[in-house]
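What follows is the residue order along each chain.
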Protein chains: 2
Amino acid sequence: MTVFLNGKYSPRDEATVSVDDRGFLFGDGVYEVITAYRGRPFRLNAHLERLRYGLAALRINSVDPEIFRQVGRKLLADNELTGSDCTLYIQVTRGVAPRLHSFPPENTQPTVYMSVTPLSAGARSPNKTITAILIPDFRWSRCDIKSVSLVANVLARQRAIDAGVKEAILVRDGVALEGTFTSLFAVFRNEVVTNPNSNYILHGVTRDVVLELCKAQGITCRETPIFEQEIRQAQEVFVTSTSMEIVPVIELDGKPVADGKPGRLTKRLQAAFQDVITSFLEQPDDSWEK
Amino acid sequence: MTVFLNGKYSPRDEATVSVDDRGFLFGDGVYEVITAYRGRPFRLNAHLERLRYGLAALRINSVDPEIFRQVGRKLLADNELTGSDCTLYIQVTRGVAPRLHSFPPENTQPTVYMSVTPLSAGARSPNKTITAILIPDFRWSRCDIKSVSLVANVLARQRAIDAGVKEAILVRDGVALEGTFTSLFAVFRNEVVTNPNSNYILHGVTRDVVLELCKAQGITCRETPIFEQEIRQAQEVFVTSTSMEIVPVIELDGKPVADGKPGRLTKRLQAAFQDVITSFLEQPDDSWEK
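Just so you know, these numbers come straight off a predicted model, no measurement behind them.

Considering the sheet that holds strand E4 (residues 29-37) of chain B
Residue and element names in this part refer to chain B.
Working step 1: Pairing within the open sheet is antiparallel, and its 6 strands lie in the order E2-E1-E7-E6-E4-E5. Each edge of the open sheet is held by one strand with a lone partner, namely strand E2 (8-11) and strand E5 (40-41).
Working step 2: Both strand E1 (residues 2-5) and E2 contribute to a ladder of 4 bridges, which runs antiparallel. Its bridge partner lying in E2, Phe 4 is registered against Tyr 9.
Working step 3: Lying over the sheet, helix H3 (residues 65-78) contacts E1, E2, E4, strand E6 (86-93) and strand E7 (111-118), oriented at roughly 35 degrees with respect to E7.
Working step 4: Where helix H7 (residues 264-282) meets the sheet, its contacts fall on E4 and E5, and the angle it forms with E4 comes to roughly 80 degrees.

Looking at the relation of the copies chain B and chain A
Working step 1: Of the transformation placing chain B onto chain A, the axial shift is 0.0 Å and the rotation is 180 degrees, giving an RMSD of 0.0 Å. Such a combination of rotation and displacement between the chain copies is what one expects of a two-fold axis.

Some thoughts on the pairing of E6 of chain B
All names here are of chain B.
Working step 1: Where burial is concerned, most of E6 is hidden: 8 out of the 8 residues are buried.
Working step 2: The alternating pattern of E6 places Cys 86, Leu 88, Ile 90 and Val 92 on one face and Thr 87, Tyr 89, Gln 91 and Thr 93 on the opposite face, and all of these are buried.
Working step 3: Pairing geometry for E6 and E7, over 8 bridges, is antiparallel. By the bridge assignment, Cys 86 is partnered in E7 with Pro 118.

Here's the deal with the packing of aromatic side chains
Working step 1: Under the criterion given, the structure shown has 18 aromatic pairs over all chains.
Working step 2: Members of the aromatic cluster, connected to one another through ring pairs, are Phe 24 of chain A together with Tyr 31, Tyr 89 and Tyr 113 of chain B.
Working step 3: One residue, Lys 74 of chain A, lies across the ring of Tyr 9 of chain A, its end atom 4.9 Å from the ring centre.
Working step 4: We note Arg 94 of chain B situated over the ring of Phe 103 of chain B; from NZ or CZ to the ring centre the distance is 3.8 Å.

Quick notes on the side chain of Glu 178 of chain B
All names here are of chain B.
Working step 1: Within the secondary structure layout, Glu 178 lies in strand E10 (residues 175-179).
Working step 2: The exposure class of Glu 178 is buried, given its relative accessible area of 4%.
Working step 3: A distance of 2.9 Å separates the side chain of Glu 178 from the side chain of Arg 139, its partner in a polar contact.
Working step 4: Setting aside anything within four residues of it in sequence, one finds Glu 178 in contact with Arg 139, Cys 143, Ala 168, Ile 169, Leu 170, Ser 183, Leu 184, Tyr 200, Ile 201 and Leu 202.

Thoughts on the sheet that holds strand E2 (residues 8-11) of chain A
Residue and element names in this part refer to chain A.
Working step 1: Spatially, 6 strands are ordered E2-E1-E7-E6-E4-E5 in an open sheet, and the strand pairing comes out antiparallel. Every interior strand has two partners, whereas the edge strands, E2 and strand E5 (40-41), have only one.
Working step 2: Bridge count for strand E1 (residues 2-5) against strand E7 (residues 111-118) is 2 bridges, and the pairing is antiparallel. Across the sheet, residue Phe 4 finds its bridge partner in E7, namely Met 114.
Working step 3: The sheet strands contacting helix H2 (residues 44-58) are strand E4 (29-37), E5 and strand E6 (86-93), and the helix crosses E4 at an angle near 180 degrees.

Comments concerning the pattern of salt bridges
Working step 1: Using the criterion set out here, one finds 38 salt bridges over all chains in the structure.
Working step 2: Residues Asp 162 of chain B and Arg 59 of chain A are paired through a salt bridge, measuring 2.8 Å at the closest nitrogen-oxygen approach. Pair noted here: Asp 162 of chain B is in helix H4 (residues 151-162) and Arg 59 of chain A is in the loop between H2 and helix H3 (65-78), and the two residues belong to different chains.
Working step 3: With relative accessibility at 44%, the residue Asp 162 of chain B sits in the partly exposed group.
Working step 4: Assessed through its relative accessible area of 45%, Arg 59 of chain A is described here as partly exposed.
Working step 5: Ionic pairing is found between Glu 289 of chain A and Arg 73 of chain A, a salt bridge with its closest N-O pair at 3.4 Å. Taken together, the residues Glu 289 of chain A in the segment after helix H7 (264-282) and Arg 73 of chain A in helix H3 connect sequence positions 216 residues apart.
Working step 6: With relative accessibility at 42%, the residue Arg 73 of chain A sits in the partly exposed group.
Working step 7: Taken together, the shared-partner salt bridges in this structure form one network comprising Asp 137, Arg 139, Arg 172 and Glu 178 of chain A.

A look at the confidence of the model for chain A
Working step 1: Scored by pLDDT, chain A has a mean of 96; 100% of the residues are at 70 or more.
Working step 2: Two summary scores accompany this predicted model of the complex, namely pTM at 0.97 and ipTM at 0.96.

Let's talk about helix H5 (residues 205-217) of chain A
Residue and element names in this part refer to chain A.
Working step 1: The end-to-end C-alpha separation of H5 is 19 Å, in line with the 18 Å expected for 13 residues at 1.5 Å each.
Working step 2: Residues of H5 that are buried include every one of Val 205, Thr 206, Arg 207, Val 209, Val 210, Leu 211, Leu 213 and Cys 214, and no others.
Working step 3: Positive backbone phi, approximately 70 degrees, marks Gly 218, located one or two places after H5.

Digging into the interface of chain B and chain A
Working step 1: Every contact between the two is made by 50 residues of chain B and, on the other side, 50 residues of chain A.
Working step 2: With both chains or domains summed, chain B and chain A bury close to 4,100 Å², and 64% of this area falls on carbon and sulfur atoms.
Working step 3: Interface area lost by chain B to chain A is led by Phe 24, His 101 and Val 151 of chain B, which between them contribute 18%.
Working step 4: There are 4 salt bridges connecting chain B and chain A.

Considering the nonpolar core
Inside soluble globular proteins, nonpolar side chains tend to come together where they are buried.
Working step 1: Membership of the largest hydrophobic core comes to 108 residues, with the highest contact counts inside it found for Phe 68, Ile 90 and Met 114 of chain A together with Phe 68, Ile 90 and Met 114 of chain B.
Working step 2: When sequence neighbours within four positions are dropped, the list of residues in contact with Phe 68 of chain B reads Leu 48, Leu 51, Val 63, Ile 90, Val 92, Val 112, Met 114 and Trp 288 of chain B.

Overview of the packing of helix H5 (residues 205-217) of chain B against H7 of chain B
Residue and element names in this part refer to chain B.
Working step 1: Interhelical geometry of H5 versus H7 gives an angle of 105 degrees and a closest axis separation of 10 Å. The orientation of H5 relative to H7 falls into the category roughly perpendicular. Between H5, through Thr 206, Val 209, Val 210, Leu 213, Cys 214 and Gln 217, and H7, the contact on the second element is made entirely by Arg 268, Leu 269, Ala 272, Phe 273 and Val 276.
Working step 2: The class makeup of the residues in the contact of H5 with H7 is 8 nonpolar, 2 polar and 1 charged.

Reading the values: rules and limits
Residues numbered from 1 in each chain as written. Chains lettered and ligands numbered in written order. Predicted model: local features only at pLDDT ≥ 70, side-chain atom pairs only at ≥ 80, totals over all residues. Heavy atoms only, no water. Pairing = 2+ DSSP bridges. Helix = DSSP H or I, 4+ residues; strand = E, 2+ residues; numbered from the N terminus. Contact = heavy atoms within 4.5 Å. Axes fitted to C-alpha atoms, helices over the stretch in contact; angles between N-to-C directions. Least-squares fit on C-alpha atoms with pLDDT ≥ 70 in both. Buried < 20%, exposed > 50% of the residue type's maximum accessible area, 1.4 Å probe, protein only. Phe/Tyr/Trp six-rings, centres within 6.5 Å; stacked < 30°, edge-to-face > 60°. Lys NZ or Arg CZ within 6 Å of the ring centre and 35° of its normal. Polar contact = N/O pair within 3.5 Å; in protein donor to acceptor, adjacent residues only side chain to side chain. Salt bridge = Lys/Arg side-chain N within 4 Å of Asp/Glu carboxyl O. pLDDT = per-residue confidence, 0-100. Expected span 1.5 Å × (residues − 1). Buried area = accessible area lost by both parts, 1.4 Å probe. Core = buried A, V, L, I, M, F, W, Y, C linked by side-chain atoms within 4.5 Å. Parallel < 35°, antiparallel > 145°, perpendicular 65-115°, else oblique. Nonpolar A, V, L, I, M, F, W, Y, C, P; charged D, E, K, R; others polar.

Here's what the structure looks like:
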């Protein structure tokens, strides 16, 4: 695989960063993961806008988004993935500087790293389901910033794996907020519910697509807290992410969600999501343009 | 400067890590900073024990602490710092693996990085004082782990710099816990107070030295919460860190602490700390031994 690092393309195993990179020393950067369907990045603008938001929140010198478009396109071409489903990874850190917690000199150049990975065969299976556990949220309180300081997410995700499930849903102050790499939805009284955007959750790009789909499909959807106490009685639970799209959660803490099968509204939204992708792929390809 | 990375010594600007290092991708690692006085590491065992604690908490494969001793010694020698005051930096990450939040295969080798930096001329000045602000703590709730996922500390420290002060004291649920790189002490009714060790603060090595000094000096010291409301009325406030030792905080949020001068007990503890260093340096040098 060819990757991009600070202006250069190289094989992945030759791409290295300085030990003084603030990504390595401080987790001081942000990242994005974008799905490209048959080589076309989906909702690229929304991802680049979230990247811009994170860079601004961390006050990292801005990077011309045109770079991400050009490099993304070239990485897919160079890796012969222009016709494949894959993910595009972007990471920007505050750059290389002597180790001090406070910001380095203003002219410090951010580190820009980009790579592509083919989607695994089962990633987009329409029959995929997952199981999850609820655990206390011990992350920082700026989860709206997609920062690479991810050690809490790593530990939480591993707790799920150790429990024999796929995802851990993080609970803060009685609210089931989101997964370690997914946005959370539940269905109560035939209404789709997801937590309002705040500093405690990531503003999910796929989450936004689901909100749009609900509107288009005439499904009532409300942005209101999903309480831990309530989620165990939900009619349906599902999670969303860029690479997994929409996936039913059929078991929580070892107990089935409702009858333990993917719910009616979840399946409807999954089908609607596939229609969106299909029509996206039928349009003329301007997915790399502004 | 010669640094150490995964078994190799090299000039600092030639030491690089893979873009797939979990330190760079996830801030998935821990670190230590140890002061060496005239080339002798102070409280090395306490630092290595804290490193071991952090590695265990993150479930990173253990590293034989003998390596840190051997490499530390050699780095000081190779950089001609055996007679100088300097800091030794150690960072251990979960190693290099394809990007997945959950833990990589068990045989993944941790990345070990070590470097040395001479202490700046003014670092140990006995007349040093600092100013600080109080800000809400937005870090994760495992601050007892000295993780390199430090973006919250970076932002907090920068807020202090932007406010024209040296340090930001982090306040959680009404308790003034610690600084971004320092432990916090206050004096009330002639008693020294510091927060009890918990998951919300780092277990400071210099903090422990101060507790010992209080005992030896007959100064009453209690480990009890320092409330935000109270700290503004403190007789004295000081912070401690490995590289700064004990430093009076003479101003909080733009208002003087008491009369705005270093307090009596703070100065007494500073003097006692210097005596400890002096006697440490007078003893036969077994500072690198177990």
